[in-house]
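Each chain, written out:
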Amino acid sequence: MDVRNLHGSGSPLSAREPLAEALPGWAGRIVVAEAAAELGEVVAAEVAKALRADPDLVLGLATGRTMEPVHAGLVRRLQALPSGELNTIRDHWRSFNLDEYVDLAPGDPRSFGATMRRQLGDPLSIPPERLQLPRGLSADPAAEALRYREAIAAAGGIGLQLLGLGHNGHVGFNEPPCLASAVGRCVELSPSTRLQNGGLFGGDPAAVPARAITLGLAEILQARRILLVVSGSSKAPILSRLLRESANPALPASWLQTHPHLQLWVDRAALDG
Ligand code: GLP
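What you see is a predicted model, and the numbers here were worked out from it, not measured in a lab. (Residues numbered from 1 in each chain as written. Predicted model: local features only at pLDDT ≥ 70, side-chain atom pairs only at ≥ 80, totals over all residues. Heavy atoms only, no water.)

Engineer: Tell me what's going on with the overall build of the protein chain, and back it up with residues and numbers.
Structural biologist: Across its full length, the protein chain carries 10 helices and 11 strands. Computed over the C-alpha atoms, the radius of gyration of the protein chain is 18 Å, within 12% of the 19 Å expected from 2.2 N^0.38 for a compact globule of 273 residues. Along the three orthogonal principal directions, the C-alpha set of the protein chain runs to about 50 × 45 × 35 Å. By the burial criterion, 53% of the 273 residues in the protein chain qualify as buried. Nonlocal contacts in the protein chain, meaning residues at least 24 apart in sequence, comprise 78% of its contacts between residues at least 6 apart. (Helix = DSSP H or I, 4+ residues; strand = E, 2+ residues; numbered from the N terminus. Rg over C-alpha atoms; globule rule 2.2 N^0.38 Å. Buried < 20%, exposed > 50% of the residue type's maximum accessible area, 1.4 Å probe, protein only. Contact = heavy atoms within 4.5 Å.)

Right, here's the structure in full:
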């Protein structure tokens, strides 16, 4: 199938097993980087380019290991801009993260809010109110999910959405099974997700909060452009399923195939295992 290789001057990659068997719907929508660091750089370059073209772009952001090199690359690229241009991007910055744990204070270093401030907000001096996340400490998480959806709608929706991929096929915290019509809500996290995210919680899945507030697939699919980023050999089994399965509730990320402006950015390890 037709795949863009970052190093290939226009020539598609040799069709290795996973790509040869991919559904035709993925044709021309996959970009392959050799390694995770390079993947982070090229995705960061794409986001920086989009922000420079339109500082009013509303970003949809994600946390997780996949996004760490993306955030680092974005910080480096934006800090290297002439100060006037960086100031414009900073002053116009509007981003909405996908999700946040319920019952973790925003000051808790394990919260996604604290992670975003560490990785992006502080190094770029973005005012905290411009880097938005669901409020995990809200007394009524369902009402908070609704407020958050309305805030995104009031901002005109997401222009560019970054997504990582869960080992069980989740995007945001849309755990399987999940319909494309699911809206932002409070969810119970699956054992697989608590295991995947245990790193910041001393490696103990039971210490990972049991609930989170997440944007739904409905809001994600309304983003004008989506970059799904998949990195590392641990994602090879779920990426392989994603490339072969048509859209279905058991694999929430599979609904992304229906989006007209989706690109899948992967590294070799995720592709080859
Ligand atoms: C997490 C988050 C997602 C994230 C994904 C991948 O649970 N809710 O927003 O993108 O799973 O995480 P990682 O990049 O650490 O594999």
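Still more ground to cover, so stick around.
Engineer: Explain the site of the ligand to me, using residue names and the numbers behind them.
Structural biologist: The immediate surroundings of the ligand are formed by 14 residues, with Arg 65, Thr 66, Asp 99, His 170 and Lys 235 found nearest. Interatomic distance of 2.8 Å between a side-chain N/O atom of Asp 99 and a nitrogen atom of the ligand. Contact between the ligand and Gly 172: a nitrogen atom at 3.1 Å from a main-chain N or O atom of the residue. For the ligand, whose free accessible area comes to 400 Å², the fraction covered by protein is 97%. When the residues that make up the shell around the ligand are grouped by side-chain class, the tally is three nonpolar, eight polar and three charged. (Near = heavy atom within 4 Å. Polar contact = N/O pair within 3.5 Å; in protein donor to acceptor, adjacent residues only side chain to side chain. Areas by Shrake-Rupley, 256 points an atom, 1.4 Å probe, with all protein chains shown as cover. Nonpolar A, V, L, I, M, F, W, Y, C, P; charged D, E, K, R; others polar.)

Engineer: Please provide a residue-by-residue account of the nonpolar core, values included.
Structural biologist: Of all hydrophobic cores here, the largest spans 81 residues; its most connected members are Leu 78, Trp 93 and Leu 228. Among the elements that make up this core, the one with the highest residue count is helix α2 (residues 36–53) (eight residues). Leaving out residues up to four positions away in the same chain, Trp 93 has contacts with Leu 51, Leu 59, Leu 61, Leu 74, Leu 78, Leu 120, Ile 126, Arg 130 and Leu 131. (Core = buried A, V, L, I, M, F, W, Y, C linked by side-chain atoms within 4.5 Å.)

Engineer: How would you summarise helix α6 (residues 141–154) if you had to cite specific residues and measurements?
Structural biologist: End to end, α6 covers 20 Å across 14 residues, agreeing with the expected 20 Å (1.5 Å per residue, within 8%). Where α6 is concerned, the buried positions are Pro 141, Glu 144, Ala 145, Tyr 148, Ala 151 and Ile 152. Seen end-on, α6 carries its buried residues on one side only, within an arc spanning 120°. Counted as exposed and oriented over 90 degrees from the buried face of α6: Ala 142, Ala 153 and Ala 154. (Expected span 1.5 Å × (residues − 1). Arc of directions from axis to C-beta.)

Engineer: Account for the packing of aromatic side chains, naming residues and giving values.
Structural biologist: What the rule picks out here adds up to five aromatic pairs. Taking the centre distance of 4.6 Å and the plane angle of 35° together, the rings of Tyr 101 and Phe 112 count as tilted. In this pair, Tyr 101 sits in strand β5 (residues 99–101) while Phe 112 sits in helix α5 (residues 112–124), placing the two residues 11 residues apart along the sequence. Just as Tyr 101 is buried, Phe 112 falls in that class too. With a centroid separation of 5.8 Å and 40° between ring planes, the pair formed by Tyr 101 and Phe 173 is classed as tilted. Of this pair, Tyr 101 sits in strand β5 while Phe 173 sits in the loop between β7 (160–163) and β8 (185–188), and the two are 72 residues apart along the sequence. The same class applies to Tyr 101 and to Phe 173, which are both buried. Following the ring pairs from residue to residue traces out a cluster consisting of Tyr 101, Phe 112, Phe 173 and Phe 201. (Phe/Tyr/Trp six-rings, centres within 6.5 Å; stacked < 30°, edge-to-face > 60°.)

Engineer: Talk me through the packing of α2 against helix α3 (residues 67–79); I want residue IDs and the actual numbers.
Structural biologist: At a closest axis distance of 7 Å, the pairing of α2 and α3 adopts a crossing angle of 50°. What the angle tells us is that α2 and α3 run oblique. Relative to α3, α2 is oriented so that their crossing is right-handed. Mapping the contact onto sequence places Ala 36, Gly 40, Glu 41, Val 43, Ala 44, Ala 45, Val 47, Ala 48 and Leu 51 in α2 and Pro 69, Val 70, Gly 73, Leu 74, Arg 76, Arg 77 and Leu 78 in α3. (Axes fitted to C-alpha atoms, helices over the stretch in contact; angles between N-to-C directions. Parallel < 35°, antiparallel > 145°, perpendicular 65-115°, else oblique. Left-handed = near helix turned anticlockwise from the far one by under 90°.)

Engineer: Lay out the pattern of salt bridges with the relevant residues and their values.
Structural biologist: Per the stated rule, a full pass over the model turns up 10 salt bridges. A salt bridge links Glu 85 to Arg 52; the nearest nitrogen and oxygen atoms lie 2.6 Å apart. With Glu 85 in helix α4 (residues 83–92) and Arg 52 in helix α2, this residue pair connects regions lying 33 residues apart in the sequence. In this structure Glu 85 comes out as partly exposed when scored by relative accessible area, which is 24%. Since its relative accessible area comes to 45%, Arg 52 is described here as partly exposed. (Salt bridge = Lys/Arg side-chain N within 4 Å of Asp/Glu carboxyl O.)

Engineer: Describe the layout of surface pockets, and please don't skip the residues or the numbers.
Structural biologist: Roughly 670 Å³ of volume is contained in the largest pocket. Thr 63, Gly 64, Arg 65, Thr 66 and Asn 197 are the residues nearest the centre of the largest pocket, which is lined by 31 residues in total. Of all the elements in the fold, those that place two or more residues in the lining of the largest pocket are α3, β5 and α5. Element by element, the count of residues in the lining of the largest pocket is highest for α5, at four residues. Residue composition of the lining of the largest pocket, grouped by class: 11 nonpolar, 15 polar and five charged. Considered as a void within the structure, the second largest pocket measures approximately 270 Å³ in volume. Partitioning the lining of the second largest pocket into residue classes produces eight nonpolar, three polar and five charged. (1 Å grid on protein atoms, 1.4 Å probe; cavity = no way out; pocket = protein on both sides within 12 Å on 5 of 7 lines; lining within 4 Å. Points joined across faces, edges and corners; volume = space filled by probe spheres on them.)

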